[in-house]
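Geometric and topological summary
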Amino acid sequence: MANVQRFWPSQRVSNWLTTLASLDVTGAVTAGSLVAPLAINAQTGTTYTFVLADAGKMVTSSNGSAQTITVPPNSGVAFAIGTQIIVQNIGSANATLATAGTPTLNSKDSNLEIDGQFAAATLIKTATDAWSIIGALA
């Protein structure tokens, strides 16, 4: 314990804890791929391909025509395994998830269309080129 006190005197630890207790955060905080508050990437075109900056965010799909949202291969965008991306359809037409090349999208009954306005799905990268999709799919 004497060695610990030599490097971390109790007064210094006390000052650090006091500073930490009064810390106010007024913006995004990123820890790995988790971003708080949740950042939103609003997409209004008929096509969109995920980019590395989408990790840990919500991508919204808003268009009067059907949209295709593409998951790129790991060779193009190397998301970390465990990355989550939420997709919410806020437009009047449904968005469909697709792949560019090698990624495998695993979902119940192999459904890839987000099922209606305000429905959402979460994509979770489970392996190099594999994603699980959980949510309201048709």
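Before reading further, recall that the structure is shown in the block above.
Residues numbered from 1 in each chain as written. Predicted model: local features only at pLDDT ≥ 70, side-chain atom pairs only at ≥ 80, totals over all residues. Heavy atoms only, no water.

Topic: unusual backbone geometry
With phi around 60°, Ser110 is a residue other than glycine that occupies positive phi space. When you line up the elements, Ser110 lands in the loop between strand S9 (104-106) and strand S10 (120-127). For Ser110, a relative accessible area of 59% translates into the label exposed. The phi dihedral of Phe118 falls on the positive side, at around 75°, and the residue is not glycine. As for its position among the elements, Phe118 is in the loop between S9 and S10. (Helix = DSSP H or I, 4+ residues; strand = E, 2+ residues; numbered from the N terminus. Buried < 20%, exposed > 50% of the residue type's maximum accessible area, 1.4 Å probe, protein only.)

Structural notes on the sheet that holds strand S5 (residues 58-61)
Reading across from one edge, S3-S5-S7-S10-S11-S9 is the order of the six strands in this open sheet, with mixed pairing throughout. Strands with a single pairing partner mark the edges of an open sheet, and in this sheet they are strand S3 (40-43) and S9. Strand after strand, the sheet turns through a mean of 25° between neighbouring axes, direction not considered. Sheet topology note: the S5/strand S7 (residues 84-89) ladder contains four bridges and is parallel. Counterpart to Met58 in the pairing with S7 is Ile86. (Pairing = 2+ DSSP bridges. Axes fitted to C-alpha atoms, helices over the stretch in contact; angles between N-to-C directions.)

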